[in-house]
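# Topology and contacts: notes
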Amino acid sequence: MDSFELDVVVTRGNSVESFHRVHAAAVDACDTILARAGDPELLTFWRSCAKPFQVIPLLEGGGFDAHGWGDAELAIACASHGGEPEHVAVVESMLRSLGLEEGDLACGPQDPLSPRGAKIARDSGVRIKRTHNNCSGKHTAMLALAQKNGWPIKGYERAEHPVQQAMLNQVALWTGVRPSEIDVAVDGCGAAVFGLPLDRMARAYARLGAAAGRGEEIPARIVNAMTRNPFLVGGTDRFDSVLMEETDGRILSKVGAEGVHSAVILDSSIGVAVKVEDGSPRAQYPALIRILQELDALPERLPSRLAEILHKPIRNSRGDVVGETTVRTGAPRSAAQATAAAI
């Protein structure tokens, strides 16, 4: 098993100003741990990285196809979208096809996560709605599952509801962790969230990639919907969208809150899971890029948009580069080196 250094530092001048410890696991389709950073068995919550598995019960039961939904709707169901008009339009169309409305969503209103979405909402004076919530697609799919099975709509987000029990069982199936051993709490969007070891998260993504590669219908549909519609999965300039766009869909990437990230290298079915110990999102993106490089899924010389993320310049209020955020690889870079990396 390879061991990598993925801890992220934030420099100012020649000194390290902040430090983020990063844990990670890379697992192949045979459930073998190929690489690690920190504690690969760290127990943490999967957050939004579980979404591709949470939609499976709806697909298996035929509830998804019953409404004539396609790749756009499937991508949104798996997304942590940016709340841009295109995202909101897909979610609201799904709700209409269910005969439901915004108020049926258990997630709360949320300012758009993408800068473009936030600017459009601000400039237009639009009311921020529950459909702007980055998890609104997942919640709409949960409502569809409840409706398809004749379960109560009210309370669908609660851990004891049949919808959430179906999600729990699906997560258990793909991760290989017994339902009774999965820690269940409440996610930021109000639905159930699942806690389990980091390497089991990577295992699930490896299995998803392998199943899609074998042509299994539902895994292939999920993978194709996400990788062919990266904008719907994230949004303008959001990390998951950028990574999938820059790799032409060879890597499926899914963000989670509190520094959690999952991905699968599709041509090798290697699953990856990352957790920033202090939950900082600024550290999870460069850490994921670095481990993907170590696994030969990304080149040493990155496309400019990914290079900018791996070596993120720190700028002051005048726009001057005064440091950078990057994976620690020995001595921190100087401000001059950071400036060069930003060019």
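An account of the accompanying structure is given in this report. Everything numeric in this text was worked out from a predicted model, so none of it was measured. (Residues numbered from 1 in each chain as written. Predicted model: local features only at pLDDT ≥ 70, side-chain atom pairs only at ≥ 80, totals over all residues. Heavy atoms only, no water.)

## Some remarks on the packing of helix H7 (residues 162–175) against helix H8 (residues 198–213)
Orientation of H7 relative to H8, taken along the N-to-C sense of each, is 85°, at an axis distance of 8 Å. Taken together, the axes of H7 and H8 lie roughly perpendicular to each other. Here Leu173, Trp174 and Thr175 of H7 come into contact with H8, specifically with Arg200, Arg203, Ala204, Arg207, Leu208 and Ala211. Looking at side-chain class alone, the contact of H7 with H8 contains five nonpolar, one polar and three charged residues. (Axes fitted to C-alpha atoms, helices over the stretch in contact; angles between N-to-C directions. Helix = DSSP H or I, 4+ residues; strand = E, 2+ residues; numbered from the N terminus. Parallel < 35°, antiparallel > 145°, perpendicular 65-115°, else oblique. Contact = heavy atoms within 4.5 Å. Nonpolar A, V, L, I, M, F, W, Y, C, P; charged D, E, K, R; others polar.)

## Side note on the packing of helix H4 (residues 85–98) against helix H6 (residues 136–149)
For the pair H4 and H6, the least separation of the axes is 10 Å and the interaxial angle reads 15°. With respect to each other, H4 and H6 are oriented roughly parallel. Our pair here, H4 against H6, has a crossing hand that is left-handed. Across the interface between the two elements, Val91, Met94, Leu95 and Leu98 from H4 touch Ser136, Gly137, Thr140, Leu143, Ala144 and Gln147 from H6. Broken down by class, the residue content of the contact of H4 with H6 amounts to six nonpolar, four polar and no charged. (Left-handed = near helix turned anticlockwise from the far one by under 90°.)

## Here we look at the packing of aromatic side chains
Enumeration over the complete set of coordinates arrives at six aromatic pairs. Ring centres 6.1 Å apart and planes at 75° place the aromatic pair Trp46 and Tyr205 in the edge-to-face group. With Trp46 in the loop between strand E6 (43–45) and helix H1 (51–54) and Tyr205 in helix H8, this residue pair connects regions lying 159 residues apart in the sequence. Across this residue pair, the class does not change: Trp46 and Tyr205 are buried. When the ring of Phe53 is compared with that of Trp174, the centres are 5.5 Å apart and the planes differ by 50°; the resulting orientation is tilted. Separated by 121 residues along the polypeptide, Phe53 in helix H1 and Trp174 in helix H7 bring together distant segments of the chain. Given a relative accessible area of 0%, Phe53 falls into the buried group. Take Trp174: its relative accessible area is 12%, and that puts it in the buried class. Members of the aromatic cluster, each reached through a chain of ring pairs, are Trp46, Phe53, Trp174 and Tyr205. (Phe/Tyr/Trp six-rings, centres within 6.5 Å; stacked < 30°, edge-to-face > 60°. Buried < 20%, exposed > 50% of the residue type's maximum accessible area, 1.4 Å probe, protein only.)

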